[in-house]
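# Architecture and fold: a report
Here are the chains, one letter per residue:
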Amino acid sequence: MTLRFLPLIGAMAVAVVGLSFSAGGSAAQSLKFNYETSTYERVSPYRKYRGRKPKAKFWRRTVSIRTEQKPGTIIIDTNRKYLYYVLNERRAVRYGVGVGREGFGWEGEVKVRRKAEWPTWTPPKEMRIREWRENKRRLPIVQKGGLDNPMGARALYLFKGNRDTQYRIHGTNEPWSIGLSMSSGCIRMMNEDVEDLYERAKVGTKVVVIGPKLKNKRIYREGGLFALFGG
C-alpha cells in the first residue's frame, strides 16, 4: 500500500519544487523528497548548472590585502579575474569572476545604483544585432529572471554619475566561465557568490574597476603584488 502512493508523493515533491521556483524564483534552495527518510531535503537549485567548476583559485575566500580604499568598496581586477569586497585596510573577501572578452574590457570608478534579485535580462539592441551577425543566434528582447537567465540570481547595476553604464555585476548559469574573458563587459560571478556580495554591498557602493591597461596608481596589494589603475 505504501508503494502505491510513492508516485503520488513523487509528484507532490515535483509540484513543491515547481512552486518554489514559479512563486517568484528567488528561493536560494528548493525541496526534494528523500524516500529513505520520508522527508523533504533542501537542495541547491544551481546544481543542474554547475557543469565544469572554476579552478580552485577562483573560489570565494577571505584574503589579506593592503589598500587605502574604504571598507565596503568593491575592487574588480579584470586582469587577474578577481573581485574584492573590502572589509578593512588589511582584509577583503575575494571572489573569482568572468570579465569582458577582447575589445570589451574597461576601467574606471562607478557606483552601484540599483540591485535586483533574479533580474530580467534586456540585451541592448547592439548586442542582439552583433550576436545574430556573428553567431546567427537570436537573443530575446526581454527575458524574465530565472535559472535559465544568463544574468543569474542577482545583479548590481553600475552607474557613472547618473548615467547607466549598461554594465552589471551579476550571476551566471555558466559557472565554467568564471576566470575567463567571455562577456560583453559585464562582471560574472557564481550565483552563490553574487548572492553573498548582494547582501554585503549597498546601493551607493563605490566600485573600482582595474582594466586591461595598467597605469600608475596603486589600488591594492595582495601577496606582495600591486595592482595598478590609471586614474
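Let me begin by describing the structure that accompanies this report. Predicted model only: the values in this text are computed from it and were never measured. Once a new chain begins, its residue numbering starts again from 1 and follows that chain's sequence as written. Where local features are concerned, this predicted model is filtered to residues with pLDDT of at least 70; where side-chain atom pairs are given and counted, the filter is 80 or more; whole-chain, interface and lining totals use all residues. To obtain the side-chain values, all non-hydrogen atoms of the structure were included, while hydrogens and water were left out.

## Structural notes on the sheet that holds strand 5 (residues 74-77)
For two strands to pair, DSSP has to find at least two bridges joining them. Each helix is a run of DSSP H or I of at least 4 residues and each strand a run of E of at least 2, with the numbering of both proceeding from the N terminus. An order of 3-7-6-5-14-9-10-11-13 is seen for the 9 strands of this open sheet, with the pairing classed as mixed. Either end of the sheet is taken by a strand with one partner, and the two such strands are strand 3 (61-64) and strand 13 (187-188). Of the pairings in the sheet, the one linking strand 6 (residues 82-88) to strand 7 (residues 91-96) comprises 6 bridges and is antiparallel in character. Its bridge partner lying in strand 7, Tyr84 is registered against Arg94. Residues are treated as being in contact if the distance between any of their heavy atoms lies within 4.5 Å. Helix axes are fitted only over the stretch in contact, all axes being lines through C-alpha atoms; the angle between N-to-C directions runs from 0 to 180 degrees. Seen against the sheet, helix 3 (residues 191-200) touches strand 5, strand 6, strand 7, strand 9 (108-117), strand 10 (154-160) and strand 11 (163-170) and runs at an angle of roughly 55 degrees to strand 10.

## Looking at the pattern of salt bridges
Should the charged atoms of two oppositely charged side chains come close, the side chains can pair. Any Lys or Arg side-chain nitrogen located within 4 Å of an Asp or Glu carboxyl oxygen qualifies as a salt bridge. What the rule picks out here adds up to 8 salt bridges. Across the salt bridge formed by Arg168 and Asp164, the nearest N and O atoms sit 2.7 Å from each other. The exposure class of Arg168 is buried, given its relative accessible area of 11%. Of the charged contacts in the structure, one is a salt bridge between Glu174 and Arg188, with a shortest N-O distance of 3.3 Å. Separated by 14 residues along the polypeptide, Glu174 in the loop between strand 11 and strand 12 (181-183) and Arg188 in strand 13 bring together distant segments of the chain. Judged by its relative accessible area of 28%, Glu174 is partly exposed. Note on classification: 1.4 Å probe, protein chains only; a residue is buried when its accessible area is under 20% of the maximum for its type, exposed when over 50%, partly exposed between these limits. For Arg188, a relative accessible area of 16% corresponds to the buried category.

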